[in-house]
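Remarks on the overall topology
Chain residues, written in single-letter form:
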Amino acid sequence: MGETSSDENEFDDWFIESLKIYNNIHEYQLEHPTRVIEWTAEKTICVAGYSLSKNDILELLLPLKLFADDNQGLCAERDFKVVHGGFSDGAVHCLKHIPGTRCVVTNDGFSSKLLVWDLGGDDCDVIKRTGDIQPKSASSDKGVKIASGLTGNPCILHGSQISDIQLTELTSGKPLYSVETDTPEALSSLQFVSGSVFLACACNGDLYVGDTRKHSAPQQTPAGGREGGHWCMGVKTDLSSSDPSSCSVARLSSSCQVVVSDLRNLRAPMSKAQLDVQRKTTSDNFMNVTWAPALDNCLAVSGFDGMVQIYNTASWRPELMEFQPLFIHRGHMMSEDQFDTSSAVVTTHVWHPSRPKTVLSAAVDGSVHVWDWVDKATASC
């Protein structure tokens, strides 16, 4: 009885606090949990399950109440809505939307094959598989990472390790570029920073800068101290600038450290931080660090426990120090009036591309949340 009462008090405290720290918070429950949340438009996302059996692949419309800032009381749509849906025979560990199209590309996390899907349109609400791509240089049975091209013909950059990264044209399946290196390091993150320049992060923390216009080996930057056995990265690009060197790179380690670098000098970190995170899982599969696209110096971290933590990096220094989060989303630990810190783990999170403080997150229980947080700090983040 004592433990139940404690849980109820914890939930009550969080509920009361949530009235003050969120402008909006909405919840949705999936049949199977997802580890992918991908924007397909300003108000729609694509999610898909990662169970070993048959999984839903869905395009969801966010609650319109979230966007009715001036007249929220008059907005009837307060729930997520399925606008397009289909089924995947296998797990979906990676999913990317191709800008300017109604296509997404997925990978199951166990093979190198890429599946291409049509999300449907106004006249069809069914998401259909339209093709697949089997890379010739595949060298891993642990899945691949995918980055969608930013300009030109629809194309995808993909690979399982540094040595087999290649650019493939979506419509023809024709390889357009492959890296000139035999580096066997496993790949954890892959992202374009311009129409042709991309960043790749190896699981050991090393960074590689490549250019799809050049048939040369990507430039390598070692991780340095290598604190933590597994690394991933998040990249913030300045979309108003044509210079890819203006982007910032945050690398997150499994020891809960973040290293922030500038693409102009990746060997000299701008800042480091030991995060105030208590790991509740031994898995590195859900580690995620992302920059806020519409805020300066803000990044979010998840995948260690049931929380999403937001940090302001403006005060971080080149020397490693511990920092407290600016905001913590604890909503995924709240289920049926219970406070669960042991089994709740966030599987992924994404920022809204234009709404500064709007974030979506998902957890292992199948919950999907969209929340607009309140910055109580006196300094603007």
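Everything below is about the structure shown above.
Residues numbered from 1 in each chain as written. Predicted model: local features only at pLDDT ≥ 70, side-chain atom pairs only at ≥ 80, totals over all residues. Heavy atoms only, no water.

With respect to the pattern of salt bridges
Inclusion rule: One speaks of a salt bridge when a side-chain nitrogen belonging to Lys or Arg is within 4 Å of a carboxyl oxygen belonging to Asp or Glu. Helix numbers and strand numbers start at the N terminus; a helix is a DSSP run of H or I with at least 4 residues, a strand a run of E with at least 2. Note on exposure labels: buried denotes an accessible area under 20% of the residue type's maximum, exposed denotes more than 50%, and partly exposed covers the range between, all computed with a 1.4 Å probe on protein chains only.
Tallied over the entire structure, the rule returns six salt bridges. For Arg 102, the salt bridge is made with Glu 59, and the minimal N-O distance between the two is 2.7 Å. Of this pair, Arg 102 sits in the loop between strand 6 (94-97) and strand 7 (103-107) while Glu 59 sits in strand 4 (residues 55-61); the two residues are 43 residues apart in sequence, bridging distant segments of the chain. By relative accessible area, Glu 59 is classed as buried at 2%.

Some points on the side chain of Thr 313
Here is the rule: Should any heavy atoms of two residues lie within 4.5 Å, those residues are counted as being in contact.
Mapped onto the fold, Thr 313 is located in the loop between strand 24 (308-312) and strand 25 (322-323). A relative accessible area of 9% means that Thr 313 is categorised as buried. In this structure Thr 313 touches Trp 291, Asn 297 and Leu 299, once residues within four positions along its chain are discounted.

Points about the environment of Ser 283
By the element assignment, Ser 283 lies in the loop between strand 21 (271-275) and strand 22 (288-291). In this structure the C-alpha to C-alpha distance between Ser 283 and Ser 254, which are 29 residues apart in sequence, comes to 9.1 Å.

Overview of the packing of aromatic side chains
Note the cut-off: Ring pairs are drawn from Phe, Tyr and Trp, using the six-membered ring of Trp, whenever the two centres fall within 6.5 Å, and their geometry is named by plane angle: stacked under 30 degrees, edge-to-face over 60, tilted for the rest. Whether a charge sits over a ring comes down to the Lys NZ or Arg CZ being within 6 Å of the ring centre and within 35 degrees of the ring normal.
Under the defined criterion, the tally for this structure stands at 10 aromatic pairs. Seen from their ring centres, Phe 327 and Trp 373 are 5.4 Å apart, and the 35° between their planes marks the pair as tilted. One end of the pair, Phe 327, is in strand 26 (residues 327-329); the other, Trp 373, is in strand 31 (residues 367-373), and 46 residues separate them in sequence. One Lys or Arg, Lys 357, reaches over the ring of Trp 373 and ends 5.7 Å from the middle of that ring.

Brief notes about unusual backbone geometry
In this structure, Cys 256 takes a positive phi of about 65° despite not being glycine. One non-glycine residue with positive phi stands out, namely Asn 297, at about 65°. Along the chain, Asn 297 turns up in the loop between strand 22 and strand 23 (298-302). For Asn 297, a relative accessible area of 37% translates into the label partly exposed.

Comments concerning the sheet that holds strand 11 (residues 155-159)
To be explicit about the condition: Two strands pair if DSSP finds at least two bridges between them. All axes here are fitted lines through C-alpha atoms, helices being fitted over the stretch that makes contact, and every angle between N-to-C directions spans 0 to 180 degrees.
If you trace the four strands from one edge of the open sheet to the other, you get 10-11-12-13, paired in antiparallel fashion. Strand pairing shows two members of the sheet lacking a second neighbour, strand 10 (145-148) and strand 13 (175-178), which therefore form its edges. The mean inter-strand angle of the sheet, taken between neighbouring strand axes irrespective of direction, is 20°. Looking at chain direction, strand 11 and strand 12 (residues 166-169) are connected through four bridges and run antiparallel. Along strand 12, the bridge assignment pairs Leu 157 with Leu 167.

What about the nonpolar core?
Selection rule: Think of a nonpolar core as a cluster: buried Ala, Val, Leu, Ile, Met, Phe, Trp, Tyr and Cys residues, connected wherever their side-chain atoms sit within 4.5 Å.
Within the largest apolar cluster, 18 residues are counted, with the highest numbers of intra-cluster contacts made by Leu 252, Val 258, Leu 275, Leu 299 and Trp 316. Once residues within four sequence positions are removed from consideration, Leu 299 is found in contact with Ala 250, Val 258, Val 289, Thr 290, Trp 291, Gln 309, Ile 310, Tyr 311, Thr 313, Trp 316 and Trp 351. Phe 11, Tyr 22, Ile 310 and Trp 351 belong to the second-largest nonpolar core, a separate cluster that totals 17 residues.

Concerning the pairing of strand 12
Residues Gln 166 and Thr 168 point to one face of strand 12 and Leu 167 and Glu 169 to the other, with burial holding for every one of them. Two successive antiparallel strands, strand 11 and strand 12, enclose a turn made up of six residues. With three bridges joining them, strand 12 and strand 13 adopt antiparallel strand pairing. Note on strand 13: the bridge partner recorded for Gln 166 is Ser 178. Counting the residues in the hairpin turn of strand 12 and strand 13 gives five residues, including Gly 173, whose phi is positive at 75°.

Topic: the side chain of Asp 372
What counts, and what does not: A 3.5 Å cut-off defines polar contacts: any pair of N or O atoms within that distance qualifies, except that in protein one atom must be a possible hydrogen donor and the other a possible acceptor, and neighbouring residues in sequence count only when both atoms are side-chain atoms.
You can see Asp 372 is positioned in strand 31. Among the residues examined, Asp 372 registers a relative accessible area of 9% and is labelled buried. For Asp 372, the side chain forms a polar contact with the side chain of Thr 358, separated by 2.6 Å.

Regarding the sheet that holds strand 8 (residues 114-118)
Pairing in this open sheet of four strands is antiparallel, and the strands run 6-7-8-9 from one edge to the other. For this open sheet the edge positions go to strand 6 and strand 9 (128-133), each flanked by a neighbour on one side alone. Geometrically, the sheet is characterised by an average inter-axis angle of 25° between neighbouring strands, direction not taken into account. In the sheet, strand 8 pairs with strand 9 via five bridges, with the strands oriented antiparallel. Within the sheet, the bridge partner assigned to Asp 118 lies in strand 9 and is Lys 128.

Remarks on a nonpolar patch on the surface
What counts, and what does not: Patches here: salt-bridge-free residues with over 30% relative accessible area, like charges joined within 9 Å, nonpolar side chains (Val, Leu, Ile, Met, Phe, Trp, Tyr) joined within 5 Å. Method for areas: the Shrake-Rupley scheme with a 1.4 Å probe, in which residue coverage is limited to the protein chains shown.
A contiguous nonpolar patch, built from Phe 15, Ile 16 and Leu 19 and spanning about 320 Å² of accessible area, is present on the exposed surface. With respect to the element layout, Ile 16 can be found in helix 1 (residues 2-21).

A few points about the environment of Thr 130
Tracing the chain through its elements places Thr 130 in strand 9. Classification of Thr 130 as exposed rests on a relative accessible area of 53%. In the structure, Thr 130 is positioned 12 residues away from Asp 118 in sequence and 6.4 Å away in space, judged by C-alpha atoms. When sequence neighbours within four positions are dropped, the list of residues in contact with Thr 130 reads Val 116, Trp 117 and Asp 118.

By themselves these figures say nothing about function.
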